[in-house]
Amino acid sequence: RPDRQTLEVLEIFAHQAASMIENTRLFSESQKNAEQEARLNEISEAVASTLDFQELAQSVAEGTRKIVPFKQMSIVISDPENQGYEMAKALQETVGELEFSQERPNSLENTALGYSLQQRREHLYVIGETVRFQDVMSWQAQGEQVSLIMPLITGGELLGAIHIGSDQRSDLETYQESMPILR
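Figured I'd write up the structure that's included with this text.

Rules of the game
- Residues numbered from 1 in each chain as written.
- Predicted model: local features only at pLDDT ≥ 70, side-chain atom pairs only at ≥ 80, totals over all residues.
- Heavy atoms only, no water.
- Phe/Tyr/Trp six-rings, centres within 6.5 Å; stacked < 30°, edge-to-face > 60°.
- Helix = DSSP H or I, 4+ residues; strand = E, 2+ residues; numbered from the N terminus.
- Buried < 20%, exposed > 50% of the residue type's maximum accessible area, 1.4 Å probe, protein only.
- Lys NZ or Arg CZ within 6 Å of the ring centre and 35° of its normal.
- Core = buried A, V, L, I, M, F, W, Y, C linked by side-chain atoms within 4.5 Å.
- Contact = heavy atoms within 4.5 Å.

Evaluation of the coordinates by the stated rule reveals two aromatic pairs. Ring centres of Y115 and F133 lie 5.2 Å apart, and the angle between their planes is 35 degrees; on these two criteria the pair is classed as tilted. Linking Y115 in helix α3 (residues 112-119) with F133 in the loop between β4 (123-126) and α4 (134-141), this pair joins segments that are 18 residues apart in sequence. Of the residues examined, F133 reaches a relative accessible area of 7% and is grouped as buried. Arranged with centres 6.0 Å apart and planes meeting at 75 degrees, the rings of Y125 and F133 form a pair that is edge-to-face. On the basis of relative accessible area, Y125 is assigned to the buried category, the value being 9%. Ring-pair connections join several aromatic residues into one group, and the members of that group are Y115, Y125 and F133. Sitting over the ring of Y115, R132 keeps its end group 5.3 Å from the ring centre.

This is how it looks when you write it as structure tokens:
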């Protein structure tokens, strides 16, 4: 059985080790936060540099995939001039390559994108849950496992919504952790 002096030394060592582990965790977390902040700044700079919706969508997609992995992404903004919406989609077919397309839906009725716009808040959908939205059912039919839908709000003004989807269920935790960052 160790004597009192040995126990004191072990106790001091345990406290130092615990402090070192906590400091390492905090340092690692601050580095990760700094990297994410830099990526968000890159996205903001790219968005501010263009008024072209397709270029804007491409910049957002390129920046977003540095923060969270995705198989497909959709960005929809209101187009009051044409009384509808403008939508850009990014699909990652091969590693590193994004394919872009654009469409102009007249309505977002019965869609998770439309619901997110109405509610002005994010929604996370996981395959296997009951969903009533056509877009989520379509994404899941294409193999999507996790779908994150978030409204795009700037200065209190609702601009549109974004969908980020992964074909890996293991990305669920990453999406949950990234929601505050992506807001």
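In this structure, A61, F70, M73, I75, I162, I164 and Y175 are the most contacted members of the largest nonpolar core, which totals 19 residues. Contributing elements (two or more residues each) for this core: α2 (53-64), β1 (72-79), β2 (84-94), β5 (146-154), β6 (157-166) and α5 (172-182). Residue contributions to this core peak at four residues, all from α2. Not counting residues up to four positions away in its chain, the partners in contact with A61 are F70, M73, A90, L98 and F100.

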